[in-house]
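Architecture and fold: a report
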Amino acid sequence: MVYLSLGSNVGDKCQNLKIARYRLEETGKIRVVKASSFYLTEPWGKTDQDWFANQVLAVETGLEPLPLLDTVLAIEERMGRVRQERWGPRTIDIDILLIDDQVINSDRLTVPHPRLYERGFVIVPLLEIAPGLVLPGGLPLQQVWENLVKNQETGCIKKLTCDKMSQRNIENG
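Side note on the nonpolar core
Membership of the largest hydrophobic core comes to 28 residues, with the highest contact counts inside it found for Leu 4, Leu 68, Ile 94 and Ile 96. When residues of this core are traced back to their parent elements, those giving at least two are strand E1 (2-8), helix H1 (13-26), strand E2 (30-35), strand E4 (52-61), helix H2 (65-78) and strand E5 (93-99). For this core, the element with the most residues is H1, which contributes 5 residues. If we ignore the near neighbours within four places in the chain, the residues touching Ile 94 are Leu 4, Ser 5, Leu 6, Ala 20, Val 72, Ile 75 and Glu 76. Residues Ala 58, Val 122, Ala 130 and Leu 135 belong to the second largest nonpolar core, which totals 21 residues.

As structure tokens, this is what we get:
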């Protein structure tokens, strides 16, 4: 199973997450198996910006890791993602969190995501769709969350209710 994190803090955040999911499935090479709720979360890293809408998807794909990375980067670009500053505002951000039990350390891709263990805004929705998940190396995801709670490093995370939008609006987005 592959887990992707989606985030947006520019424009219609919820619509951006919905469009990104649609674009992933539109490739014909990625199938969303489970989707977490949407969460409103405070910015991480660069805190003087608008809050984010975040979601985690469990997907199945036949793509190898680097072609998967190229696919998500192309979707980000298609949706207007501009990389001007690290952790800055973005229309959409799609991160590869986990790919089965693989560990990858290359110049283009690191899996598990290198900051997965520090980001409550990723761990909460991931726990929602995969509560018994054990990370590569044997660490239960629940324990990662408990460590963040113990160290008071969870950040503010609230479930977000987004209005439903029509398929036509997503396809035109």
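From this point on, the discussion continues.
A look at the pairing of strand E3 (residues 38-41)
Examined bridge by bridge, E3 and strand E8 (residues 157-160) share 4 bridges and lie antiparallel to one another. Across the sheet, Phe 38 pairs through a bridge with Leu 160, a residue of E8. Summarising the sheet, E3 and E4 pair through 3 bridges and their orientation is antiparallel. Across the sheet, Tyr 39 pairs through a bridge with Asn 54, a residue of E4.

Regarding the packing of H1 against H2
Axis separation between H1 and H2 bottoms out at 10 Å; the angle between their running directions is 135 degrees. One way to sum up the angle between H1 and H2 is to call them oblique. Of the two elements, H1 crosses H2, and the hand of that crossing is right-handed. Mapping the contact onto sequence places Arg 23, Leu 24 and Glu 26 in H1 and Val 72, Ile 75 and Arg 78 in H2.

What counts and how
- Residues numbered from 1 in each chain as written.
- Predicted model: local features only at pLDDT ≥ 70, side-chain atom pairs only at ≥ 80, totals over all residues.
- Heavy atoms only, no water.
- Core = buried A, V, L, I, M, F, W, Y, C linked by side-chain atoms within 4.5 Å.
- Buried < 20%, exposed > 50% of the residue type's maximum accessible area, 1.4 Å probe, protein only.
- Helix = DSSP H or I, 4+ residues; strand = E, 2+ residues; numbered from the N terminus.
- Contact = heavy atoms within 4.5 Å.
- Pairing = 2+ DSSP bridges.
- Axes fitted to C-alpha atoms, helices over the stretch in contact; angles between N-to-C directions.
- Parallel < 35°, antiparallel > 145°, perpendicular 65-115°, else oblique.
- Left-handed = near helix turned anticlockwise from the far one by under 90°.

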